[in-house]
Amino acid sequence: MTYLVSVLIPCYNAADYVEAAIESVLSQTWENIEIVLVSDVSTDGTNEVLEKYIKKYKKVKIISCSEPIRSAARSRNMAYRYSSGDYIKYFDADDLLNPAMIERQMARLCGSRVNIAFSEWGRFYDDDVGTFELDRKIDWRDMTGCDWLVESWMEAQPMMQSGMFLIPRQLLEKVGGWDEDLSLIDDFEFFARVLSSADRVLFSEGVPLMYRSGLHGSLSKRTTDEAIESAYKSLMRGTEHLLGVRSDINAQLACANILQSFLFSYYPINRKYSSEMERMIYRLGGSNINPEGSPNFHLVRRIVGWKVARVLENCFRRYS
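Per chain, residue numbering runs from 1 following the sequence as it is written. Where totals are concerned, whole chains, interfaces and linings use all residues; where local detail is concerned, this predicted model gives features only for residues with pLDDT of at least 70, and gives and counts side-chain atom pairs only at 80 or more. To get the side-chain values, all heavy atoms of the structure are used, and hydrogens and water are removed first.

**Section: the overall build of the protein chain**
Note the threshold: Helix numbers and strand numbers start at the N terminus; a helix is a DSSP run of H or I with at least 4 residues, a strand a run of E with at least 2. Between the two quantities, the radius of gyration covers C-alpha atoms and the globule rule is 2.2 Å times the number of residues to the power 0.38. Exposure classes here rest on a 1.4 Å probe applied to the protein chains alone. A residue is buried below 20% of its type maximum, exposed above 50%, and partly exposed in between. Contacts are residue-level and defined by heavy atoms, with any inter-residue pair within 4.5 Å sufficient. Exposure was quantified through the Shrake-Rupley algorithm and a 1.4 Å probe, taking into account, for residues, occlusion by the shown protein chains and nothing else.
A tally of regular secondary structure across the protein chain gives 12 helices and 10 strands. Against the compact-globule benchmark of 20 Å for 320 residues, the protein chain has a radius of gyration of 20 Å, which places it among compact chains. Projected onto the principal axes, the alpha-carbon positions of the protein chain cover approximately 65 × 45 × 35 Å. Burial status across the protein chain gives 52% buried among its 320 residues. Of the contacts formed within the protein chain by residues at least 6 apart in sequence, a portion of 77% connects residues at least 24 apart. Surface summary for the protein chain: the accessible area is close to 15,300 Å², and the carbon and sulfur share equals 49%.

**What about the side chain of Ser75?**
By the element assignment, Ser75 lies in helix H3 (residues 72-82). The exposure class assigned to Ser75 is buried, which follows from its relative accessible area of 3%. Setting aside residues no more than four positions away along its own chain, Ser75 makes contact with Pro10, Val38 and Ile69.

**What to know about the packing of aromatic side chains**
Stated formally: Aromatic rings from Phe, Tyr and Trp, with only the six-membered ring used for Trp, were paired whenever their centres fell within 6.5 Å, and each pair was classed as stacked if the ring planes differed by under 30 degrees, edge-to-face if by over 60, and tilted otherwise.
For the structure shown, the criterion picks out 18 aromatic pairs. A centroid spacing of 4.9 Å and a plane angle of 35° characterise the contact between Phe262 and Tyr266, whose relative ring orientation is tilted. Within this pair, Phe262 and its partner Tyr266 are both found in helix H9 (residues 249-266), separated by four residues, close to a single helical turn. Note on Phe262: relative accessible area 3%, which makes it buried. You can call Tyr266 partly exposed: its relative accessible area is 21%. Through successive ring pairs, a cluster of aromatic residues spans Tyr90, Phe118, Trp140, Trp148, Phe165, Trp178, Phe190, Phe191 and Phe203.

This is how it looks when you write it as structure tokens:
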């Protein structure tokens, strides 16, 4: 049986990059593919770029929105409702797929409805694929979904990029879609929920996702109150998904490190968020990671603690 794979792409102001992303999907060696694009109300000519694909390829579907969505989670859920695939890949409009990725991942899955396939990934900058470099991770091997989360989170620098994964539709029907309450790092909560429900994650070697970095206005760089609230909710909900099925000492430490990393990065934040996270970290047995910062930050940290040092660092940046 030749399974259908749906590649779902939310698009908003992606005119400079979406064509390359689509071409990387059309170039896949696995032929039974449909591409479902949700076109938010863009202002940069994205719709004009997409229109030529409707006329040329039957496998491309474009869902045009009359009202702004302004939410990648809502766009992905909409794309899913219009998709028909037995397997689903969520893919961002500014990234690239290795041509053999889907074929290699389908070979690993062998028709499974309870396992997930994943790939390597690496960064390239702007339009220069010559800058591509693999990100070396210890979790590039077959394991259970919960083990993958624990190993990925232990150093508090997880990469939950959507295009790495190929997911059976049956599993998504079980766990549900993207949390539309979230914006910043919504992928953390989603993949924590999906992976903690999967039997195994199966590694596909040599077919990396190419993740575009260095874009101006990237969502991951947002520090508004709304964005920070979303990140807080995503991390708290995501760690709860894992702890709901695995709560041994390593799982607790991995979750504590993720939450502590958020505090290190965003402190000072809303007192309610920081207090709740600190209580959770304490209940989990504490974290074993240190904050990142300049040599001056670490010098001050050793004298007055990391919280005061972070406040002073932020004040210096604001007024210098």
